[in-house]
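Notes for the structure review
These are the residues of each chain, in order.
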Amino acid sequence: MIELYSSSSCTSCRKAKLWLEKQGLTVIERNIINEPLNEAEIQRILCLTEFGTDEIISTRSKVYAKLALDFDTLTLSELVKIMVEYPNLLRRPIITDGKKLQIGYNEEEIHQFIPREVRKLTSLELSEQLFCMDIVEKRFA
């Protein structure tokens, strides 16, 4: 199961949802503006990040500019509370399966959510098709 944290006005969120559904993956979508994440959920996401809060805070958001805080001076606990209070501060979409995390929509990186067995099968099927096409081309050349 894949969790997709999004907002209705986010084009990247719509692209991510569409791509995941086209792959036949089960997606649980949650609009984080209407139903903000709680502290525990934000901390769970932060545990999956490589660069911590820098990875999930949208420095280009209006909320970020409006708050005019020096985020580097805040404790992690303070930052998490601010993210709960101001969900527009979070970059979107946030995609996770509990083990992997992707922030924003990236067409190459989103493939990580396709189960490995399926990726191998798809790759094998593609190889077989290319092999058959090569044989046909040589036969009729």
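Note that the structure is a prediction, hence the values are computed from the model and not measured.

**Some remarks on the environment of Pro93**
- One can find Pro93 in the loop between helix H5 (76-85) and strand E3 (94-96).
- On the accessibility criterion, Pro93 (0% relative accessible area) is buried.
- C-alpha separation for the pair Pro93 and Asn31, spaced 62 residues apart in sequence, amounts to 9.7 Å.
- Those residues in contact with Pro93 that sit more than four places away from it in its chain are Leu4, Tyr5, Cys10, Ser12, Cys13, Ala16, Gln102, Ile103, Gly104 and Tyr105.

**Some thoughts on the side chain of Arg30**
- Summarising the element assignment, Arg30 is placed in strand E2 (residues 27-31).
- Taking relative accessible area as the criterion, Arg30 reaches 15% and is therefore assigned buried.
- Here Glu41 takes part through its side chain, which lies 2.6 Å from a polar atom of the side chain of Arg30.
- If sequence neighbours within four positions are ignored, Arg30 has contacts with Leu4, Tyr5, Ser6, Glu35, Pro36, Leu37, Asn38 and Glu41.

**Let's talk about the sheet that holds strand E4 (residues 101-103)**
- Here 4 strands make up an open sheet; going across it, the order is E2-E1-E3-E4 and the pairing mixed. Here the strands that pair on one side only, and so sit at the sheet edges, are E2 and E4. For this sheet the average axis-to-axis angle between neighbouring strands, irrespective of direction, equals 15°.
- Relative to E4, E3 runs antiparallel, the two being bridged by 3 bridges. Each residue of the ladder has a partner; that of Ile95, found in E4, is Gln102.
- Packing of helix H1 (residues 11-22) onto the sheet brings it into contact with strand E1 (2-6), E2 and E3, and relative to E1 it is tilted by some 160°.

Cut-off values and rules
Residues numbered from 1 in each chain as written. Predicted model: local features only at pLDDT ≥ 70, side-chain atom pairs only at ≥ 80, totals over all residues. Heavy atoms only, no water. Helix = DSSP H or I, 4+ residues; strand = E, 2+ residues; numbered from the N terminus. Buried < 20%, exposed > 50% of the residue type's maximum accessible area, 1.4 Å probe, protein only. Contact = heavy atoms within 4.5 Å. Polar contact = N/O pair within 3.5 Å; in protein donor to acceptor, adjacent residues only side chain to side chain. Pairing = 2+ DSSP bridges. Axes fitted to C-alpha atoms, helices over the stretch in contact; angles between N-to-C directions.

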